[in-house]
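# Summary of structural features
What follows is each chain in one-letter form.
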Amino acid sequence: MLSVQDVMSRSPIIPVISIKSAEEMLFLADALIEGGVDIFEITLRTPKALEAIEAVAKEFPHAMTGAGTVINSKTFGDAEDAGAKFAISPGLTLELVHHDRTIPLLPGVATASEIMCALEYGFDAFKLFPASIVGGVGALKAFRGPFNDVMFCPTGGINATNAREYLELPNVACIGGSWIVPSDLIHEKRFDEITRLTKEALRLLN
Ligand code: 3PG
């Protein structure tokens, strides 16, 4: 099984994707890979998300295709069955803790108490969600005090302007965001523009 560290070290950016069809997702995956990012968080927020995970996992077996918005054991199992290599959740519940995982879970946290509870259950790396609302860079700097060894993937409200500030923090392994995969560009099939945004983001962050 992959580790959460494998997932977090794959790329400085994990694109957070909301997709309408498996076909669109295949074009999008291709555009992202062309831009230099081969990890995808396909959120389970659309009717075709599982189909899209399955299609990308088959078509791009070397890419790291994962599921986002995994909010309970059922959605976790669905993501595993579709071939997701990792799961990301906006928060953590006992149902998710006790789910018999075959893939790593990156759970979301927003407060010190949530981090402490999750540490008790053996997690030591988290999505900070929604990052910009729950304190952003300031919160991550503050969490570094009591939770020195904990690593984060802040997500929510991150964009080309503030991404670097997050990524420079010693307790941030990667960031998540949708700004390189805007829905309007996907629907208009402007995949070249997505490749351009991806390259630009990576240039900015390296
Ligand atoms: C989400 O789960 O919606 C992510 O946090 C994406 O947030 P963003 O659209 O602000 O990047």
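To keep things clear, this report deals only with the structure shown in the data block. Computed from a predicted model, the values in this text were never measured in an experiment.

Summed over all chains, the structure comprises 0 disulfides. No disulfide involves cysteine 153; its sulfur sits 3.6 Å from that of cysteine 174, the nearest cysteine. Judged by relative accessible area, which is 2%, cysteine 153 ranks as buried.

This part takes up the packing of aromatic side chains. Counted according to the given criterion, the structure contains 4 aromatic pairs. Here the aromatic rings of phenylalanine 143 and phenylalanine 152 are separated by 5.9 Å at their centres, their planes lie at 20°, and the arrangement is stacked. Judged by relative accessible area, which is 0%, phenylalanine 152 ranks as buried. Linked through ring pairs, Phe126, Phe143, Phe147 and Phe152 together constitute an aromatic cluster.

The next subject is the site of the ligand. Surveying the vicinity of the ligand reveals the residues Val16, Arg45, Lys127, Phe129, Thr155, Gly156, Gly157, Gly177 and Ser178. In this structure, glycine 157 approaches the ligand through a main-chain N or O atom, which is 2.7 Å from an oxygen atom. In this structure, an oxygen atom belonging to the ligand sits 2.5 Å away from a side-chain N or O atom of serine 178. Its free accessible area being 310 Å², the ligand has 78% of it covered by the protein chains. Residue classes in the shell around the ligand are distributed as 2 nonpolar, 5 polar and 2 charged.

Criteria and cut-off values
- Residues numbered from 1 in each chain as written.
- Predicted model: local features only at pLDDT ≥ 70, side-chain atom pairs only at ≥ 80, totals over all residues.
- Heavy atoms only, no water.
- Disulfide = S-S within 2.5 Å.
- Buried < 20%, exposed > 50% of the residue type's maximum accessible area, 1.4 Å probe, protein only.
- Phe/Tyr/Trp six-rings, centres within 6.5 Å; stacked < 30°, edge-to-face > 60°.
- Near = heavy atom within 4 Å.
- Polar contact = N/O pair within 3.5 Å; in protein donor to acceptor, adjacent residues only side chain to side chain.
- Areas by Shrake-Rupley, 256 points an atom, 1.4 Å probe, with all protein chains shown as cover.
- Nonpolar A, V, L, I, M, F, W, Y, C, P; charged D, E, K, R; others polar.

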